[in-house]
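# Observations on chain architecture
Now for the letters of each chain:
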Amino acid sequence: MTNTFKRLTLLSAILLSTQALAWNNELTLQETKQLTLDGQSLSTLTVEAGSGFLNIVGSNTNSVTVKAEIYQEQPHNNYCLSLKQRAKSAELIANSCNNHDEDPTRIDLTVSIPAKFKLNINDGSGSLSIDNAGATTIHDGSGKIIINNITGTLNIDDGSGSINARDIEGKVVINDGSGSIKLTNSLSDVKIHDGSGTINVQNTSGAVTVSDGSGGIYIDTAQSFTLLTDGSGSVKIENVENVKQ
């Protein structure tokens, strides 16, 4: 557990440094809290997060452990932070409880889970990083998304910010407003609906289907490729036998 949290803390520091300029400089670290829940009878982590980065890593552990760093202008308790069991799920809530204007709070989350846990995430803003999890569903407002090593399906509904996913075993469905999308090494079908930003899909074993508003499209190595709609931007296809445009 110690080594896991050392790795998580390092990743958290990297995420924090890359987005420090984008967050309100008046918010300072007021408190750090640790939350722990026995995960042996659980299979899923559900997250409701507001502002702040969210870093989740699956590892050889039997518990769900959360490090929450709380940033505010002045210290107060007018925010929501909890980790509870709901049937077979661990439920993590970390947000301002709709008090953004009165008492702004940003909560940075570093989370350790049992490997291959399923994830259901609703995230407001800030970077999101996931490594070594099961089937994952993400609803995200804004911020960069980095995902590695998913053993099930991956579903992303994203407002804005880049998406970089690698090593996905199940189907991939991405609905994206704006920002680049890069997917590498997937073993099933891929469906992407994108407003704007480049799309780069490499080395997938399934069929790739794309609806695109604007931005270049590059597909390298897939079972097939279907372009349903395309507003503007170049399209380059390599190592795909069945192409429909």
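Placed above this text is the structure.
Calculation rules
Residues numbered from 1 in each chain as written. Predicted model: local features only at pLDDT ≥ 70, side-chain atom pairs only at ≥ 80, totals over all residues. Heavy atoms only, no water. Helix = DSSP H or I, 4+ residues; strand = E, 2+ residues; numbered from the N terminus. Buried < 20%, exposed > 50% of the residue type's maximum accessible area, 1.4 Å probe, protein only. Lys, Arg positive; Asp, Glu negative; His and termini not counted. Salt bridge = Lys/Arg side-chain N within 4 Å of Asp/Glu carboxyl O. Polar contact = N/O pair within 3.5 Å; in protein donor to acceptor, adjacent residues only side chain to side chain. Contact = heavy atoms within 4.5 Å. Pairing = 2+ DSSP bridges. Axes fitted to C-alpha atoms, helices over the stretch in contact; angles between N-to-C directions.

With that out of the way, let us pick up the overall build of the protein chain. When helices and strands are counted, the protein chain shows one helix and 22 strands. Relative to its full complement of 245 residues, the protein chain shows a buried share of 47%.

Moving on: the side chain of Asp220. The residue Asp220 is located in strand S19 (residues 217–220) in this model. No salt bridge is formed by the buried Asp220; its nearest oppositely charged neighbour, Lys236, is found at 8.4 Å. A polar contact of 3.3 Å, which involves the side chain of Asp220, links it to the side chain of Tyr218. With sequence-adjacent residues up to four places away left out, Asp220 is seen in contact with Val201, Gln202, Asn203, Glu238 and Asn239.

A few words now on the sheet that holds strand S10 (residues 136–142). Read from one edge of the open sheet, eleven strands run S5-S6-S2-S8-S10-S12-S14-S16-S18-S20-S22, paired in mixed fashion. Strands with a single pairing partner mark the edges of an open sheet, and in this sheet they are strand S5 (80–86) and strand S22 (242–244). Sheet twist, expressed as the mean angle between neighbouring strand axes with direction ignored, is 5 degrees. Sheet topology places strand S2 (residues 44–51) next to strand S8 (residues 118–125); seven bridges connect them, and they run parallel. Residue Glu48 lies in a different strand from S8, and its bridge partner there is Asn122.

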